[in-house]
Amino acid sequence: MNLRIALLNNIHKFNSTRLLSHYPVDDIISGITNEQIQLRKTIFDLAQKELASQAHKIDNENRFDGMRKFWRKLGNIGALGECIYFKLIILKHIVSTVGIIVNPKYGGTGGRYLDLVIFSEELSRASASVGMSYSAHTILCVNQIHRHGSDEQKQKYLPKLCSGEHVGALGMSEQGSGSDVISMKLRADKDGDHYILNGTKFWITNGPDANVLVVYAKTNPNAKKPQHGISTFIIEKTFEGFSTGPKLDKLGMRGSNTSELIFDNCRVPKENLLGEENKGVYVLMSGLDVERIIIATASLGIMQACCDVAFNNYAHQRKQINTKNAEFQMIESKLSNMYVTTALCRTYLYNVCRAYDRNHIAAKDCAGVALYVSEKTTQIALDAVEIVGKNGYLNDSVAGRLLRDAKLYEIGGGTSEVRKLVIARGLTKEYS
Ligand SMILES: Cc1cc2nc3c(=O)[nH]c(=O)nc-3n(C[C@H](O)[C@H](O)[C@H](O)COP(=O)(O)OP(=O)(O)OC[C@H]3O[C@@H](n4cnc5c(N)ncnc54)[C@H](O)[C@@H]3O)c2cc1C
């Protein structure tokens, strides 16, 4: 037996906390590497131990008190290093899970997007709201700074975002500007070495918590094409003239704080322009494909959690008319649909992500996987509620929470209709 396999076998001993109440993911079928299988196991244990037990409280109180501490833990999980291979994995993947795809030079781990996908999926499976905050941090904020920042900007902002000392967010949407993001009204007027920002952003994930925010604003509201007048800025929470509104009381994703961002003559140094002036639309658009992959990922985590709830906890335990619920044909039909749909979604997602990692960026498939997985997740959450019967209709039931959380991904980060537009336009382009 070679050393690597011996270490892999050994590490299983440290990861024996997989509970009966979780339906295991068959990663031989999903086709990920041995290292990624190990990564999932490690993250599953961490997320189930640290998050799943709190998910109900986070939802119920609309608050995650331990967020900062958990962020730091994600940034540095050295305490797990009990064997060499574990340490290798930690070095490779986990030292900075909040900067998983960031160049090690800036405090990241230089991983692949598929690593991030596996991580994010398991986090959402344990707590969808924390998974959502994690996605906003890593993909909406860290990824944009990593891709478009100057060396100085990366040196300045990424290490603390990667270590978990800082929380990140992204402000694109406004009260009057959602799907039609180009119609944004936030103004950024040049004033010597600064830009002065005036206006608001709305519905911003991590808004109340973020130390660093990537924000889009109009630097030329009179541009011939409105998309040509947008610029991107890195905002620090402490900037003069910046504040946030009260957190929103949402239907789902509770505990992932969402708020308004308020800019009242907010002075932003010109060094904080991310990318070129008036070319912010390219920064914005360049992030959308991977954002859609991550939306599908977070949805998949919820879908897997629905399987966890419906397969193990209930259907195979509860009996009616002396028969296990799971053995009634109509429930069998639902369970098998849930199983196959989840496996299919995972396969499509991982393949699109693998292609993305190879720089094959297929916009219609990034939109396609977000569309398909998010819509299926809502359906599967409805099935989970139905399978657990009256208990699923309680406000504090896991199935009920998953249903409320699932719906978000058909809206947030672009609606299903907009994803369909992207797919249809992609197809049309291929024929023109
Ligand atoms: C919990 C949550 C967190 C969020 N976090 C963030 C964040 O961190 N940062 C951020 O910038 N934004 C965030 N958003 C905003 C989110 O990106 C927007 O909600 C989304 O882009 C849709 O915009 P809208 O809600 O204004 O809907 P609208 O654009 O007003 O759309 C309303 C309806 O009309 C349909 N519609 C609109 N345009 C078209 C069209 N051209 N063709 C067909 N149908 C159309 C839509 O599909 C939808 O059904 C968040 C939203 C939520 C709910």
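Here, every reference points to the structure presented above.
All of these numbers come straight from a predicted model, not from anything done at the bench. (Residues numbered from 1 in each chain as written. Predicted model: local features only at pLDDT ≥ 70, side-chain atom pairs only at ≥ 80, totals over all residues.)

Engineer: Even after reading the chapter, I still don't get the pairing of strand E2 (residues 187-191), so can you show me in this structure?
Structural biologist: Looking along a regular strand, one sees the side chains alternate between the two faces of the sheet. The pairing of E2 with strand E3 (residues 194-205) spans five bridges and is antiparallel. Paired with Ala188 across the bridge in E3 is Leu197. Two successive antiparallel strands, E2 and E3, enclose a turn made up of two residues, where Gly192 displays a positive phi of approximately 65°. (Pairing = 2+ DSSP bridges. Helix = DSSP H or I, 4+ residues; strand = E, 2+ residues; numbered from the N terminus.)

Engineer: Looking at this structure, I do not really get the nonpolar core. What am I missing?
Structural biologist: General note: in soluble globular proteins, nonpolar side chains tend to be found buried as a group. Counting 113 residues, the largest nonpolar core has Cys141, Ile293, Cys306, Ala310 and Ala384 as its most contacted members. Per element, the largest residue contribution to this core is 19 residues, and it comes from helix H9 (residues 280-315). (Core = buried A, V, L, I, M, F, W, Y, C linked by C-beta atoms within 7 Å. Buried ≥ 20, exposed ≤ 12 C-beta atoms within 10 Å, placed from the backbone.)

Engineer: I'm lost on the site of the ligand in this one. Help?
Structural biologist: Around the ligand sit 23 residues in total, of which Met172, Gly178, Ser179, Thr415 and Glu417 are the nearest. Of all elements in the fold, only helix H7 (128-148), strand E1 (168-171), E3 and helix H13 (416-431) reach the threshold of two or more residues within the shell around the ligand. Along the lines of polarity and charge, the residues of the shell around the ligand split into eleven nonpolar, ten polar and two charged. The residue makeup of the shell around the ligand includes at least three contributed by each of domain 2 (168-278) and domain 3 (288-431). (Near = placed C-beta within 6 Å. Nonpolar A, V, L, I, M, F, W, Y, C, P; charged D, E, K, R; others polar. Domains from an automatic or database assignment.)

Engineer: So what exactly am I meant to see when it comes to the packing of helix H3 (residues 34-61) against helix H6 (residues 113-126) here?
Structural biologist: Axes are the key here: two packed helices are described by the angle between their axes and the distance separating the axes. Put simply, H3 and H6 touch, their axes get as near as 7 Å, and they point 25° apart. With respect to their mutual orientation, H3 and H6 come out roughly parallel. The way H3 lies across H6 gives a crossing that is right-handed. On H6, the residues that touch Gln36, Leu39, Arg40, Ile43, Phe44, Ala47, Gln48, Leu51, Ala52 and Ala55 of H3 are Leu114, Asp115, Ile118, Phe119, Glu122, Leu123, Arg125 and Ala126. Counted by class, the contact of H3 with H6 contains twelve nonpolar, two polar and four charged residues. (Axes fitted to C-alpha atoms, helices over the stretch in contact; angles between N-to-C directions. Parallel < 35°, antiparallel > 145°, perpendicular 65-115°, else oblique. Left-handed = near helix turned anticlockwise from the far one by under 90°. Contact = placed C-beta atoms within 7 Å.)

Engineer: Any chance you could explain the pairing of E1 here in plain terms?
Structural biologist: The side-chain alternation of E1 yields two buried faces, one formed by Gly168 and Leu170 and the other by Ala169 and Gly171. Here E1 runs beside strand E4 (residues 212-218); their pairing, made up of four bridges, is parallel. Residue Gly171 lies in a different strand from E4, and its bridge partner there is Val215.

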